[in-house]
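# Residue-level structural notes
Chain by chain, the residues run as shown.
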Amino acid sequence: MMKRWLLVVWVLAASGVFASNTPDSVFQIKPVYGKQAKIVASILETGHYRKLPFNDSLSSVVLDSYVASLDNNKIYFQKSDISSFEKYRFLLDDATRAERVDPAFDIYKVFQKRFTERMNYVMKHLVGKDFDYSADEYYETNRENEPWPASEKEMNEIWAKIIKNQALSLKLTGKDKAEIKDALEKRYERFIKSMNQTTAEDIFGSYLNAIAEAYDPHTNYFSPRTADVFKQNMAQSFEGIGARLQSDNDYTKVAEILPGGPAEKSKLIHANDRIVGVAQGDGEMVDVIGWRLDEVVKLIKGPKGTRVRLSILPAETGVTGPPVVISLVRDKIKLEDLTAKKQVVEYTKDGKNMKLGVITLPSFYMDWEAYQKGDPEYNSTSGDVKKHIKAMQAEGVDGLVLDLRNNGGGSLKEAIDLTGLFIKGGPVVQVKNSMKRTEVLNDDDQSIVYNGPLVVLINRFSASASEIFAGAIQDYNRGIVVGESSYGKGTVQTMVELDRYVQDKEPAGSLKLTIQKFYRVTGSSTQHKGVIPDIKLPTALDPEQFGESASPGALPWDEIRSALYQKTPYVNSKVLANLNKAYQERLKNDAYLNDFVSQTEEARKNFNQTKISLNEAIRRKEMEEAEKRVSAIRQPGNTQVDKEGKPVTNGLNMKDEYLREGLLVLTDLITSKIG
């Protein structure tokens, strides 16, 4: 679940102790807030796919969600505070109908008090402390499932470990005692300074979002300010590195690498990496641990052509890894960078020379405006893929891989049209709305553009339209799906502008609302389960941590009646069995695949590791081992090229093991059809 932080207002007193001096405006509840909350609750009850009443049961969920948004890691509230909030557990629904949001502000005031106590303790007793780094001591970095601290003493012990961990991390980078003290002081001064930006709108927005997300994780409230940011990101017109970021406790985590951006092109930064420092060009690296997300984003974004350096903790090393500094040149994400790309690789198997086509799809795109005007040459995924296929057919390709890894979806129409390039018409996907009415969406074009061997490559971040396409190819027995189980997002959202409902002089923001659910032609939902590949490759990602299944409030998987469709005879159980047998043989004998299996197993262990040693000797050893792992996994690819610069993969000794395996499965499929 995405961790959201609300930020409080503090000032640094002359005594060196942080004291609350919150402007009254932060706690002034505008009358329009209650009106907005009531309207949003009404829209959710009647318009959301689930049609759930906002009752006592949902009130309980909202309370827990709101408290978690303030203190997800349980390092501010005490057990007694949580007990005092119980009076609201079954009253938030009634308060909302009465146009009252004061419980949100009352809870926030308690958070403010506890935060002040923590900052006072940190600055007075922990920053600059002489810690014993020889003790065999550990800190649990993920306290989400830990009990709430029962006393101030227990809270002090937790924070002592937090600061000791941060101090040790700085010590291991070569800083001396004075430098560590200075770095921590600046970190927490900046942390407090950034909290000065909190407004009543922030508090209200977080509370209203807790109500929205009680329905499902893709239903969200956006305050006027966050709505503007969301629209800007959706338009992808901003200049920066091309990554979507989110808060994760004290860290800024990479939630998604956007196709076509500097981050994706560099291959230096990946989803789930944590950003701990930002520098402009050759300037000083600024520590951003504990910063507000929007403040970190401001540092990272910038004009096209300028350089930004990032200090990151790679995802593969978990909580033990050393920071790695990378450099990126900011750029705009251009439309041409988001379009389908093709390449042809050559491979010899058992004396047969093969040409293997690869089409990479970053997203499902279309020029909707040109389409509505009737322009037959409108830009689209299916149109570009059709052109690439015809070009590769002219080159005599023997088979095709469609690479949908990290493709988060896009146009539903394009998912249907793309499927139509490979099947002779028929249903592609079923859509059920909040009234429980189901519509079958068909490919009405009876022509087939490509009828040869086909492999579809997916990973955990292939979502939505990608899952519709991959699922249809699998259900029709038209091709082989290879990789990880996909994300499992089987829902459709729409944006509801609240101004026309609230009708106040101040803007009211927006509501992203789940209104429909996708089903495959078999009747199986793509929700939660996603598309399970025919050939499962090694994965470091646990479905319970990554993807739809990581969200407790996600809509459940279910089934409806199958649509009427005719399977192709291309892939049958015997072909699948032979392909999996060949893959199992490679698992035994292929050195590249064996290395990849070892790397993913190590990465999986580190993803699940949440306890971090506070012993210097142990930590240093862990960091050295982590550095070796990062070097092995993230070193530049060693794909050979010919005199024209084209990849030479006879032996397929490329660093991209997923693509390599996809191509090897394709060669097995080609030879199985020939033989």
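The structure contained in this document is the topic of the report that follows. (Residues numbered from 1 in each chain as written. Predicted model: local features only at pLDDT ≥ 70, side-chain atom pairs only at ≥ 80, totals over all residues. Heavy atoms only, no water.)

### Overview of the overall build of the protein chain
Rules: Numbered from the N terminus, helices here are DSSP runs of H or I no shorter than four residues, and strands are runs of E no shorter than two. Relative accessibility decides the category of a residue: with a 1.4 Å probe and only protein chains considered, values under 20% of the type maximum give buried, values over 50% give exposed, and everything between is partly exposed. Whether two residues are in contact is decided by their heavy atoms, any of which lying within 4.5 Å being enough. Methods summary: accessible areas were calculated by the Shrake-Rupley approach with a probe of 1.4 Å, and residue burial reflects only the protein chains presented.
Along its length, the protein chain carries 20 helices and 25 strands. Within the protein chain, the fraction of its 675 residues that count as buried is 54%. Expressed as a percentage of contacts within the protein chain between residues at least 6 apart in sequence, the contacts between residues at least 24 apart total 75%. Counting every atom, the protein chain has about 29,300 Å² of accessible surface; 51% of that belongs to carbon and sulfur.

### Re unusual backbone geometry
Of note in this structure, Lys 51 is not a glycine but carries a positive phi near 55 degrees. As for its placement among the helices and strands, Lys 51 is situated in the loop between helix H1 (31-47) and helix H2 (56-71). If you check the backbone angles, Lys 436 has positive phi at about 70 degrees while not being a glycine. Among the secondary structure elements, Lys 436 is positioned in the loop between strand E16 (426-433) and strand E17 (438-443). For Lys 436, a relative accessible area of 44% puts it in the partly exposed group.

### Some words on the layout of surface pockets
We apply this condition: Using protein atoms alone on a 1 Å grid, points that fit a 1.4 Å probe yet trap it form a cavity, whereas open point sets bounded by protein on both sides within 12 Å along at least five of seven lines form a pocket; residues with an atom within 4 Å of a point count as lining. Grid points are joined across faces, edges and corners, and a volume is the space filled by probe spheres set on the points. Think of it as three bins: nonpolar holds Ala, Val, Leu, Ile, Met, Phe, Trp, Tyr, Cys and Pro, charged holds Asp, Glu, Lys and Arg, and polar takes everything else, Gly as well.
By volume, the second largest pocket is sized at about 400 Å³. Around the second largest pocket, the lining comprises 18 residues; the ones closest to its centre are Ser 380, Ser 382, Gly 383, Lys 386 and Leu 421. The set of elements that each furnish at least two residues to the lining of the second largest pocket consists of helix H13 (381-395) and helix H14 (412-420). With five residues, the single largest contributor to the lining of the second largest pocket is H13. Counted by class, the lining of the second largest pocket contains four nonpolar, six polar and eight charged residues.

### Brief notes about the side chain of Thr 600
Tracing the backbone shows Thr 600 in helix H18 (residues 591-607). Ignoring sequence-local partners within four residues, the contact set of Thr 600 consists of Pro 538, Thr 539 and Ala 540.

### Quick notes on empty space enclosed by the protein
The full count for this structure, using the stated rule, is two cavities of 30 Å³ or more. In this structure, the second largest cavity occupies an estimated 50 Å³ of space. If you trace the second largest cavity, you find it lined by Tyr 76, Trp 159, Gln 166, Arg 187, Tyr 188, Phe 191, Asp 250, Ile 289 and Gly 290. Secondary-structure elements contributing two or more residues to the lining of the second largest cavity are helix H6 (152-171) and helix H7 (177-194).

All quantities given are derived from atomic positions and should not be read as evidence of function.
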